[in-house]
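Chain by chain, the residues:
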Amino acid sequence: MRLIETKPIGDANFYKFSVDFIGDDFILGGKTLPLGIITHDILNIPADKLLSIFKTGDKLNDLYNRLNAENYYDELFIKIRETILEIIKLIKKIKPFSYFSIKDEYNHVEELFDDSKIEMWKRSFASMPIPNINFIPEDTAMYDNVIVLTEFIKSYIYLCADTFNFYKVAMMYFVNLTENGFRDKVLLAGFTKEFFGSEQVLGWIEELNATEITHNFTLEPGVWMAPVVLKNKDGLTMLGRRIHFDRMLNFYVTDMFEGLAAGHYSWQCGICHKFFFMTTAHNQLYCSTVNPEYGVPCAYVAKNKLNMPKQKKKDGYGHDIWQKRYNSLRNEKSKTKNGLPSAKYDIDVCDKAIELAKRHYEDAQIDFDYAQNQYEQDMILVNLISEAKRLLGKK
């Protein structure tokens with residue numbers, strides 16, 4: 001028995017996967033992401049794409065029911081293979097599914113359903129008195145293989161139905177959260193307790209069964225957990241927890257509530273009505289992505305629209321980081337100007353670094369991917385100084 005996980009990176013397959021939780025982040029397939037981002041990604045799946053995922057999963061569920069009810073024939077296995085591949089094609093470039101190992105998914109399909117494997121299934125079933133998966137003798141290699149086969153198929157049925165069901169619950173929750181204006185951890189906790197304690201909400205959730213094989217949305221995900229030693233995003237060794245999931249819904253619910261506990265949440269933009277991701281209690285009202293209708297970020301649209309609440313600069317994404325860096329650079333400039341022994345940088349370098357910091361902050365208001373993935377790195381003091389020296393031609 002192993003008391004602590006030693007594998008550096010957990011599995012990242014839809015069938016079974018492991019997620020490492022450390023601080024306000026989690027690690028999936030080697031990618032470090034903020035708590036709550038999975039819920040945010042699901043909220044922003046286009047409605048037509050979400051419906052296609054659900055309908056294709058429902059088609060796979062029908063094929064699975066036929067697999068249980070009918071005797072083996074090649075065409076059924078081929079249809080199951082084609083439907084799973086159709087699902088992968090639908091989701092492989094969409095977050096949060098793109099965080100998983102899509103290459104491994106294709107490999108699993110090949111291992112279970114390629115033409116040579118279907119020929120093996122055909123021979124195995126032909127040797128049985130009743131060629132049906134429910135009549136395979138236990139404690140046989142074929143029985144074990146069929147368990148893997150059926151669990152793999154069900155993982156895709158769950159993925160499609162769970163995503164659709166969770167989306168509806170999360171959408172109702174975060175739309176209400178936005179309308180009520182709750183942002184800090186205390187208000188988030190109180191609202192969450194009231195929302196999920198409502199008999200009306202619980203009754204609505206009870207009606208969310210999308211397919212016979214799936215259970216209702218639940219606030220009690222079934223998972224198992226083990227401690228794990230790993231490095232955080234700063235390279236420091238820390239003790240975290242590795243949670244093993246065998247169903248998407250369990251991961252979705254865990255991510256949503258872990259995110260809320262950390263003060264991470266999704267907020268609906270008052271202009272384009274898409275959701276943007278928040279990790280602070282700032283009163284950011286509009287998303288930082290370019291609105292395709294106007295060609296500028298939604299915050300700029302609101303600024304020039306009548307009767308729209310105006311967003312203050314301090315409530316923009318990453319303002320705290322900009323303010324901290326601006327203050328430190330002004331301090332470094334003052335040291336140099338006053339000839340203090342602790343001065344490190346020339347005045348023109350400090351001015352250029354301040355200019356760069358402002359530009360990075362403005363870019364973070366426009367480009368969501370940049371804001372999430374690169375902004376903090378660019379705003380590190382030594383990186384700003386290095387970039388300023390390079391642009392000034394200094395060493």
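Above: the structure in question.
Cut-off values and rules
Residues numbered from 1 in each chain as written. Predicted model: local features only at pLDDT ≥ 70, side-chain atom pairs only at ≥ 80, totals over all residues. Heavy atoms only, no water. Helix = DSSP H or I, 4+ residues; strand = E, 2+ residues; numbered from the N terminus. Buried < 20%, exposed > 50% of the residue type's maximum accessible area, 1.4 Å probe, protein only. Contact = heavy atoms within 4.5 Å. Areas by Shrake-Rupley, 256 points an atom, 1.4 Å probe, with all protein chains shown as cover. Salt bridge = Lys/Arg side-chain N within 4 Å of Asp/Glu carboxyl O. Pairing = 2+ DSSP bridges. Core = buried A, V, L, I, M, F, W, Y, C linked by side-chain atoms within 4.5 Å. Expected span 1.5 Å × (residues − 1). Phe/Tyr/Trp six-rings, centres within 6.5 Å; stacked < 30°, edge-to-face > 60°.

Peer 1: Looking at this structure, how should I read the overall build of the chain?
Peer 2: Within the chain, the regular secondary structure consists of 15 helices and 9 strands. Across the 395 residues in the chain, those meeting the buried criterion constitute 46%. In the chain, of all internal contacts separated by at least 6 residues, the share reaching a separation of at least 24 is 65%. A total of about 20500 Å² of accessible surface is found on the chain, and carbon and sulfur atoms cover 52% of it.

Peer 1: Mind showing me how you'd approach the pattern of salt bridges here?
Peer 2: Oppositely charged side chains may form a pair once their charged atoms are brought near each other. The final tally for this structure, using the stated rule, is 14 salt bridges. Measuring nitrogen to oxygen at the nearest pair gives 3.0 Å for the salt bridge that ties Glu86 to Lys59. Taken together, the residues span a long stretch of sequence, with Glu86 in helix 3 (residues 74-91) and Lys59 in helix 2 (residues 47-69) at a distance of 27 residues. A salt bridge links Lys154 to Glu151, with the nearest nitrogen and oxygen atoms 3.1 Å apart. Of this pair, Lys154 and Glu151 both sit in helix 6 (residues 141-180), 3 residues apart, roughly one helical turn. One connected set of salt bridges, linked through shared partners, spans Asp346, Asp348 and Lys394.

Peer 1: How do you make sense of the pairing of strand 6 (residues 265-268) when you look at a structure like this?
Peer 2: In summary, the side chains of a regular strand alternate between the two faces of the sheet. The alternating pattern of strand 6 places Tyr265 and Trp267 on one face and Ser266 and Gln268 on the opposite face, and all of these are buried. Here strand 6 folds back onto strand 7 (residues 275-278) in antiparallel fashion, the turn holding 6 residues, of which His273 has a positive phi close to 70°.

Peer 1: Would you mind going over the nonpolar core with me for this structure?
Peer 2: A general tendency of soluble globular proteins is for nonpolar side chains to be buried together. Residues Phe26, Ile84, Phe113, Ile153 and Phe174 are the most contacted members of the largest nonpolar core, which totals 91 residues. The dominant element in this core, judged by the number of residues it contributes, is helix 6, at 18 residues. Counting residues in each nonpolar core, the second largest holds 18 residues, with Tyr345, Cys350, Ile354 and Met379 among its members.

Peer 1: How should helix 9 (residues 248-261) be read in this particular structure?
Peer 2: The α-helix winds at 3.6 residues per turn, so residues separated by three or four positions along the chain end up facing the same way. Its 14 residues give helix 9 an end-to-end C-alpha distance of 20 Å, which sits within 8% of 20 Å, the value for a rise of 1.5 Å per residue. Of all the 14 residues making up helix 9, 11 are buried; the element is thus mostly covered by neighbouring parts of the structure. Turning to helix 9, its buried residues number three or more, namely Met248, Leu249, Asn250, Phe251, Tyr252, Val253, Thr254, Asp255, Met256, Gly259 and Leu260. After helix 9 finishes, the residue Gly263 shows a positive phi value of roughly 85°.

Peer 1: Honestly, the packing of aromatic side chains in this entry has me stumped. Any pointers?
Peer 2: Any pair of aromatic rings gets described here by the distance separating the centres and the angle formed by the planes. On inspection of all chains with the given rule, the structure shows 29 aromatic pairs. Taken together, a centroid distance of 5.2 Å and an interplanar angle of 50° make the contact between Tyr173 and Phe191 tilted. Of this pair, Tyr173 sits in helix 6 while Phe191 sits in helix 7 (residues 185-197); the two residues are 18 residues apart in sequence, bridging distant segments of the chain. For the pair formed by Tyr173 and Phe191, the shared burial category is buried. Through pairs of rings, three or more aromatic residues link up here, namely Phe14, Phe17, Phe21, Phe26, Phe97, Phe100, Phe152, Tyr156, Phe245 and Phe251.

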